[in-house]
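Chains, contacts and geometry: an overview
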Amino acid sequence: MRRNSLIPALLAVCALNAHAQLFSFPRSQRFQEMPQFTVSAKAHGEPEKPVVGEPCAIILELDVDRKASLDQIRVGGLPEGGDSIAYGSLENLADGTSATAGHVVKRIRIPVRFKVPVSLEASLTVEGMVGVVQGGSSFFRNFGQRLAPLQIEAQPLPEHGRPANFSGAVGQRFEMKQKLDRDQVRPNDLVTATYTLTFNGYCPSNIYPNVEHLSKEFKAYEPKEVERTDRRVVWTQMLVPRTAQATNTALVSVHYYNPHTKRYEVARAYPLKLTFVSTEAASTENTSVSVNDSVEKPKSSADEAGDPATRPVVLRFAPSDASPVVATLPPGTPVKEIATWNGWRRLETPRAIGWSKSR
């Protein structure tokens with residue numbers, strides 16, 4: 001009976017020891033209370049009243065503890081975009097100064113471009129996750145806040161002074177440059193003019209250069225857009241001086257609205273001068289080029305299905321099927337591509353220079 005009475009006592013001692021060990025961890029390993037920190041937010045437009053097409057932004061300012069970090073920021077309540085408003089992705093800006101000691105203002109930019117005049121009030125919300133490290137431990141929690149109503153406005157472009165061919169370009173710095181692939185020519189030579197527009201603002205997809213004061217002594221093809229980025233557009237234009245009187249290229253320009261000066265302005269590229277090395281026209285007669293004293297003739301359309309490596313290459317004076325043949329090159333003739341145009345390649349060879357659709 002004595003032996004059986006010891007069992008409950010031993011169990012009680014074990015339970016007390018376990019309870020004591022449970023609350024005897026080192027202080028650094030004990031549960032820490034989550035620190036208290038808050039996030040306050042506000043928003044404003046920049047600029048407050050842009051014009052249609054002007055790149056602008058909604059700026060969010062989140063006042064948060066200097067030691068805290070923000071993540072997974074989401075903004076709700078933005079007006080519907082569609083055909084009226086274009087939004088960009090959230091961008092983090094440099095931190096600002098808070099009026100509260102120990103705090104910092106986290107600034108976030110939402111790019112906006114208004115396609116039509118707008119006047120409305122938006123009730124924005126901001127949500128995300130805020131975290132802080134304290135005592136070697138990391139703490140995170142979600143936050144959400146409704147902002148004070150934000151008045152959003154976009155004004156129409158002014159009618160006064162608007163050019164007849166205005167495309168809708170808006171910004172402060174537009175610059176047009178012109179260059180030629182050659183400036184020493186003969187009559188009937190083909191000259192490629194390149195027009196490059198660089199800008200800081202908005203440039204619509206339908207923008208087109210105004211080509212003015214080009215002499216009637218030129219045969220001119222329509223300008224073609226060959227490159228576009230968010231900061232520049234490039235066009236090329238083929239020009240053929242018919243006579244030595246075609247001494248200057250065109251004046252090329254683009255109109256845009258400058259919201260800083262509040263007026264319509266023009267970016268211009270002034271004409272470039274051509275120097276004629278001869279007054280005699282370049283030959284455009286149909287000719288054949290012989291290699292090893294043998295003359296190769298173009299194959300008929302029925303032969304086009306053959307091996308491309310066995311086909312002769314037909315060079316034409318201009319990038320057009322109706323243009324005269326300059327030369328017919330046999331297979332194996334070395335060529336150097338010096339330009340491209342609407343599916344055509346301008347090739348330089350030991351015997352001639354011309355345009356070809358051959359691969």
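Structure first, text after, so check above.
The present account deals with the structure reproduced in this document. (Residues numbered from 1 in each chain as written. Predicted model: local features only at pLDDT ≥ 70, side-chain atom pairs only at ≥ 80, totals over all residues. Heavy atoms only, no water.)

Within strand 25 (residues 325-329), five of the five residues are buried, leaving the element largely enclosed by the surrounding structure. Here four bridges tie strand 24 (residues 313-316) to strand 25, and the two strands are oriented antiparallel to one another. Bridging across to strand 25, Val314 finds its partner in Thr328. (Buried < 20%, exposed > 50% of the residue type's maximum accessible area, 1.4 Å probe, protein only. Helix = DSSP H or I, 4+ residues; strand = E, 2+ residues; numbered from the N terminus. Pairing = 2+ DSSP bridges.)

Evaluation of the coordinates by the stated rule reveals one cavity of 30 Å³ or more. Every residue lining the largest cavity is counted, 14 residues in all, and those nearest its centre are Gly45, Pro47, Ile58, Phe114 and Ile152. Contributing elements (two or more residues each) for the lining of the largest cavity: strand 1 (39-46), strand 2 (56-65), strand 7 (103-114) and strand 11 (150-154). No other element matches strand 11, which puts four residues into the lining of the largest cavity. (1 Å grid on protein atoms, 1.4 Å probe; cavity = no way out; pocket = protein on both sides within 12 Å on 5 of 7 lines; lining within 4 Å. Points joined across faces, edges and corners; volume = space filled by probe spheres on them.)

Okay, the sheet that holds strand 9 (residues 125-134) next. Read across the open sheet, the three strands follow the order 3-9-10; overall the sheet is antiparallel. Only two strands of the sheet have a single neighbouring strand rather than two, namely strand 3 (69-76) and strand 10 (137-146). Averaged over all adjacent pairs, the angle separating strand axes in this sheet is 15°, with direction ignored. (Axes fitted to C-alpha atoms, helices over the stretch in contact; angles between N-to-C directions.)

Turning to the pattern of salt bridges, a few remarks are in order. Counted according to the given criterion, the structure contains eleven salt bridges. Between Arg182 and Asp189 there is a salt bridge, and its shortest N-O distance comes to 3.6 Å. Note that Arg232 is salt-bridged to Glu227, the shortest N-O span being 2.8 Å. Taking relative accessible area as the criterion, Arg232 reaches 32% and is therefore assigned partly exposed. By relative accessible area, which is 30% here, Glu227 ends up partly exposed. Sharing partners across several salt bridges, the network here consists of Lys42, Glu61 and Arg107. (Salt bridge = Lys/Arg side-chain N within 4 Å of Asp/Glu carboxyl O.)

Next up on the list: the nonpolar core. Most often, soluble globular proteins have nonpolar side chains that are buried together. In terms of nonpolar packing, the biggest core is built from 28 residues, with Ile58, Leu62, Phe114 and Val130 touching the most fellow members. Mapped by element, the contributors of at least two residues to this core are strand 1, strand 2, strand 7, strand 8 (118-122), strand 9, strand 10 and strand 11. Beyond its immediate sequence surroundings of up to four residues, Leu62 is in contact with Val39, Ser40, Ala41, Leu70, Ile73, Val104, Val105, Lys106, Ile108, Val126 and Phe143. Ranked by size, the runner-up nonpolar core spans 25 residues in total, among them Ala169, Ala193, Ile207 and Leu239. (Core = buried A, V, L, I, M, F, W, Y, C linked by side-chain atoms within 4.5 Å. Contact = heavy atoms within 4.5 Å.)

For Leu190, the position within the fold is in the loop between strand 13 (184-185) and strand 14 (191-202). Look at Leu190 and you get buried, because its relative accessible area is 2%. Separated by 52 residues in the primary sequence, Leu190 and Arg242 place their C-alpha atoms 9.8 Å from one another. Each residue touching Leu190, except ones within four places of it in the same chain, is listed here: Asp181, Arg182, Met238, Leu239, Val240, Phe317, Ala318, Pro319, Arg346 and Trp355.

What follows is about the side chain of Glu54. Mapped onto the secondary structure, Glu54 falls in the loop between strand 1 and strand 2. The buried charged residue Glu54 lacks any salt bridge, with Lys262 as its nearest oppositely charged partner at 7.2 Å. Among all residues touching Glu54, those that are not within four sequence positions of it are Pro47, Val112, Arg113, Val170 and Pro259. (Lys, Arg positive; Asp, Glu negative; His and termini not counted.)

Once that is clear, we can look at the environment of Ala318. Locating Ala318 in the fold gives a position in the loop between strand 24 and strand 25. Sequence separation between Ala318 and Asp189 is 129 residues; the distance between their C-alpha atoms is 9.3 Å. Beyond its immediate stretch of four places on either side in the chain, Ala318 contacts Leu190, Tyr221, Ser323, Trp344 and Trp355.

Pairs of aromatic rings are described using the distance from one ring centre to the other and the angle between the two planes. Following the criterion strictly, the structure yields four aromatic pairs and no others. An angle of 80° between the planes, with centres 5.1 Å apart, marks the rings of Phe166 and Tyr264 as edge-to-face. Taken together, the residues Phe166 in the loop between strand 11 and strand 12 (170-180) and Tyr264 in strand 20 (residues 263-269) connect sequence positions 98 residues apart. Accessibility classification places Phe166 together with Tyr264 in one group, the buried group. A centroid spacing of 4.4 Å and a plane angle of 15° characterise the contact between Phe174 and Tyr256, whose relative ring orientation is stacked. One end of the pair, Phe174, is in strand 12; the other, Tyr256, is in strand 19 (residues 251-258), with 82 residues separating them in the sequence. By way of ring pairs, the aromatic residues Phe166, Tyr257 and Tyr264 are connected into one cluster. Sitting above the plane of the Tyr202 ring, Arg113 keeps its charged end 3.9 Å from the centroid. Above the ring of Tyr221, the side-chain terminus of Lys219 is found at 5.3 Å from the ring centroid. (Phe/Tyr/Trp six-rings, centres within 6.5 Å; stacked < 30°, edge-to-face > 60°. Lys NZ or Arg CZ within 6 Å of the ring centre and 35° of its normal.)

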